[in-house]
Each structure stands twice: as C-alpha cells, then as structure tokens.
Amino acid sequence: MAAGEPQPQVIETVAAMCAEVRRLQRSGQRVGVVPTMGALHDGHLSLVQLAKRSCEKVVATIFVNPTQFAPHEDFSKYPRTLERDLELLRGVGCDYVFVPSRDEVYPPGFSTEVDPPAVARRWEGECRPGHFRGVATVVLKLLNMTPADLAVFGQKDYQQAAVIQQMVRDLNVETEIQLGPIIRDPDGLAMSSRNRYLSPAERQRALSLSQSLNAAQQSIAAGEARAATIAAMIGETLQPQVDVIDYVAIADAVTLEPVETITANTVLLLAVKIGNTRLIDNCVVSPGKFAP
Ligand code: AMP
C-alpha cells in the first residue's frame, strides 16, 4: 500500500459532490468516476487506475443500490466494508469517494425510472426481472450527481456495460464511457464482491466458470464455430460443479442476441449458482482466432 497517498475526500451529499466536480472542471481538470457497490477488490481498483490514466481527478462512488436487487436477493447481506474500501482507494490514489445515503439518492417522492434498452432483455434481464431498470436508473442518477467527463465500468458485468453504453447514447449523456478488462485471481476466478460468500470447497467448484470459458476458447481457436456445440461443451464442464446453470449464452457481442455461428464478434456469457451464491463470467471470442 502506498503509505504516502492522502486519504480520499469523502463526500456524502449530492449537492457537495456535484459542486466539487463542476469546480474541478472549471479549473480545467478532467474528472473520472468509477461507480461501485463497495466491498472493493483489485477489479474495482483497476478501474480507478484506468480512470487515472486520462483524468486529473478520480471519484469512486460506493452505493449498494436497493432497486437493483429483487426481494429474495442479497441486498441486506451484501458486504459493507467502508473503512477497508477507503484504505484500498487511498492505496491507488483515488481523490474522492462519494458515499450517499439511501435517502440522498432516493428522497421521499422519488418516482422516475429508466426503461432499459433492448440489450437488457435477455440473459440477466430474464433471470433478474427489474434488475437492469434499477441499474440504468441509478447509473443515470450517478452520472448526473457526479457529472464526470469519464465513467469507467468493468467488462466483468458485460451485459450491464452494454446496457449503460446504449442508455448513454440513447439519452445523450455527455459522459464518456470506458470499459476495463476482467481482473481474475491467479487461479482464474473472476474477482467479485460475492466471492467472499463461497466456502473453500465452493470456491474450488467456481473455477469451473473460467475453465469452461478457456476450454471453449481453445475449441474455437481449433476451428469449432457451431454455437450449439460450444454451449454443450461449456454446459458439460459446469454441470458437475455448479448447483444451477442460469444460462450459457453465445451471443452477438453488441446486440447480445443468440448466434448459431461463432465469429470474431461473439461473446460467451455464463451465470450459475453455487450454493447460495450467484456468479457470472464471460469472454469475448478472441479476434485473433479468426485472422486469415
Ligand atoms: P460492483 O461493485 O459489483 O457493482 O462493480 C462495480 C464495477 O466494478 C462494475 O463496473 C463492475 O463491472 C466492475 N468489476 C467488478 N468485478 C470486476 C472484475 N473482476 N474486473 C474488472 N471490473 C470489475
């Protein structure tokens, strides 16, 4: 940890956050924002570092957004580790942390929501009804409350990133959107705040997600282009290890509509449950595999 870094400035109100971003911009500084739900790990920190490459000042936001959780999901037990988060953000030189209360984001009388774009319809949209309505609404609000020049999101939540990019285009939001690659533990497990729910045995079984994606990439590289064959292969790897397969999607990387034939513009998306923990992972088919 970089002991020399100053503590990030913690801001709790919308008025103070918005005014500070405007003040920085008036003084000629480019501002980046990284929206998170906290319980930070190296995946989140990599997004702060990405923002710092092109911005003079970076804001991380920490808000566990109740409207993107269904009643049976893990909102109340979602990990909240603010002190540690602040230390981690200090270590990567994050300048501000916006930590609004629930009432600050959704004051009494709040009743406007974003109807998410078509790319929200399948996969997560089907498994988690209402999820992307909650995500689109809170992200639009965060981009208004923290009107940064750049917002950075992770490819870990591939469909979420697609929803946000389309929403920003459709609604003429001026903030530039940048995506950061998935950060993984050395054994391949994609980092996630939810990984801490896994018992050691469950964590071992969770390696089947990245393993099935890697094996699929290898088959594709070796010439297999039939989506059904690749989906079956992934399913066979996952099936003995996980408790529920929510979906194995082989889809167009932009529209997320299913495809029959894999090309350089295809994404593989997985969602499973192991015990009580829901995990997602994905990979874009490497374009190199299709080079002539
Ligand atoms: P969350 O706190 O889960 O809402 O995630 C906040 C942001 O961090 C989102 O843009 C995620 O896509 C991103 N993120 C989460 N996990 C990772 C990871 N392993 N690698 C890169 N980005 C990630």
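Within each chain, residue numbers correspond to sequence positions counted from 1 in written order. Note on the predicted model: pLDDT of at least 70 is required for a residue's local features to be given, and 80 or more for side-chain atom pairs to be given and counted; whole-chain, interface and lining totals, by contrast, use all residues. Neither water nor hydrogens contribute to the side-chain values; these are computed over all heavy atoms in the structure.

Colleague: Describe in detail the packing of helix α6 (residues 131–145) against helix α7 (residues 158–170), supporting the description with residues and values.
Modeller: Where α6 contacts α7, the axes come no closer than 10 Å and their chain directions differ by 55°. On the basis of the axis angle, α6 is oblique to α7. Our pair here, α6 against α7, has a crossing hand that is right-handed. Judged by residue contacts, Phe 132, Val 135, Ala 136, Val 139, Leu 140 and Leu 143 of α6 engage Gln 159, Gln 160, Val 163, Ile 164, Met 167 and Val 168 from α7. Classification convention: Asp, Glu, Lys, Arg as charged; Ala, Val, Leu, Ile, Met, Phe, Trp, Tyr, Cys, Pro as nonpolar; all other residues, Gly among them, as polar. Here the residues of the contact of α6 with α7 are counted per class, giving 10 nonpolar, two polar and no charged. Lines fitted to C-alpha atoms define the axes here, with helix axes fitted over just the stretch in contact, and angles between the N-to-C directions of these axes take values from 0 to 180 degrees. Counting from the N terminus, the helices are DSSP H or I runs at least four residues long and the strands are E runs at least two residues long. For classification purposes, an angle smaller than 35 degrees is called roughly parallel, one larger than 145 roughly antiparallel, one from 65 to 115 roughly perpendicular, and anything else oblique. What makes a crossing left-handed is the near helix being turned counterclockwise from the far one by less than a right angle; a clockwise turn instead makes it right-handed. Any two residues whose heavy atoms approach within 4.5 Å are treated as being in contact.

Colleague: For the sheet that holds strand β7 (residues 244–252), give the residues involved together with the corresponding values.
Modeller: Any two strands between which DSSP finds at least two bridges are classified as paired. Strand order in the open sheet formed by three strands is β7-β8-β9, with antiparallel pairing between adjacent strands. Sheet topology places β7 and β9 (277–284) at the edges, where each strand pairs with a single neighbour. Ignoring strand direction, the axes of neighbouring strands in this sheet form an average angle of 10°. Of the strands in this sheet, β7 and β8 (266–274) touch helix α9 (residues 227–238), which is tilted by about 155° from β7.

Colleague: Please set out the pairing of strand β3 (residues 57–62) residue by residue, giving values where relevant.
Modeller: A 1.4 Å probe rolled over the protein chains alone gives each residue an accessible area, and that area as a share of the maximum for its type sets the label: buried under 20%, exposed over 50%, partly exposed in between. Along β3, five of the six residues are buried, which leaves the element largely enclosed by surrounding structure. As defined by bridge partners, strand β2 (residues 31–36) adjoins β3 across six bridges and the pair is classed as parallel. Residue pairing across strands places Val 31 opposite Lys 57, the latter belonging to β3. Looking at chain direction, β3 and strand β4 (residues 96–98) are connected through three bridges and run parallel. Bridge pairing in β4 links Ala 60 to Val 97. Orient the strands so they point away from the viewer, and a crossover whose first-strand-to-second-strand path over the helix runs clockwise is right-handed. The handedness of the β3 to β4 crossover, carried by helix α3 (residues 82–91), is right-handed.

Colleague: How would you sum up the environment of Gln 25? Please name residues and give values.
Modeller: Summarising the element assignment, Gln 25 is placed in helix α1 (residues 14–26). Gln 25 sits 179 residues away from Gln 204 along the chain, and the two C-alpha atoms are 46 Å apart. Not counting chain neighbours up to four residues away, the residues in contact with Gln 25 comprise Val 31, Pro 147, Ala 148 and Asp 149. In protein, a polar contact requires one atom able to donate a hydrogen and another able to accept it; more generally it is a pair of N or O atoms within 3.5 Å, and residues adjacent in sequence count only if both atoms are side-chain atoms. Here the side chain of Gln 25 touches Pro 147 through a polar contact of 2.9 Å, landing on its backbone oxygen.

Colleague: Any chance you could break down the pattern of salt bridges for me, citing the residues and the numbers?
Modeller: Basic side-chain nitrogens of Lys or Arg form a salt bridge, by our definition, when they fall within 4 Å of a carboxyl oxygen of Asp or Glu. Scanning all chains against the criterion turns up 17 salt bridges. Its salt-bridge partner being Arg 128, residue Glu 73 comes within 2.7 Å of it at the nearest N-O pair. On the criterion of sequence distance, the pair formed by Glu 73 in the loop between β3 and α3 and Arg 128 in the loop between α5 (124–127) and α6 is long-range, its members being 55 residues apart. Arg 128 sits in the buried class, given a relative accessible area of 10%. Among the salt bridges present, the one from Arg 122 reaches Glu 257, with a minimum N-O distance of 2.7 Å. Taken together, the residues Arg 122 in the loop between α4 (102–105) and α5 and Glu 257 in the loop between β7 and β8 connect sequence positions 135 residues apart.

Colleague: Give me the lowdown on the pairing of strand β6 (residues 176–180), citing residues and values where you can.
Modeller: Pairing analysis gives five bridges linking strand β5 (residues 150–154) to β6, with the strands arranged parallel. Bridged to Leu 150 within β6 is Glu 176. Since β5 and β6 lie parallel, the crossover through α7 that links them has a hand, and here it is right-handed.

Colleague: Explain the nonpolar core to me, using residue names and the numbers behind them.
Modeller: In terms of nonpolar packing, the biggest core is built from 45 residues, with Val 139, Leu 143, Leu 256 and Leu 269 touching the most fellow members. Contributions of two or more residues to this core are made by α1, β2, β4, α6, β5, α7, β7 and β8. In terms of residue count, the dominant contributor to this core is α6 (nine residues). Residues within four places of Leu 143 in sequence aside, it is in contact with Val 33, Ala 151, Val 168, Val 173, Thr 175 and Ile 177. Ile 230, Ile 274, Leu 279 and Cys 283 belong to the second-largest nonpolar core, a separate cluster that totals 22 residues. Buried residues of nine kinds, namely Ala, Val, Leu, Ile, Met, Phe, Trp, Tyr and Cys, make up a nonpolar core once their side-chain atoms join them within 4.5 Å.

Colleague: Lay out the sheet that holds β4 in plain terms, naming residues and giving numbers.
Modeller: A sheet is described by the order of its strands in space; here six strands give the open sequence β1-β4-β3-β2-β5-β6, paired in parallel fashion. Both outer strands of the open sheet, β1 (9–11) and β6, are each paired with one neighbouring strand and no more. Ignoring which end each strand starts from, the neighbouring axes of this sheet average 25° apart. Bridge count between β1 and β4: three bridges; the pairing is parallel. Note that in β4 the partner of Gln 9 across the bridge is Tyr 96. Contacts from α1 reach β1, β2, β3 and β4, with the element oriented near 145° to β4.

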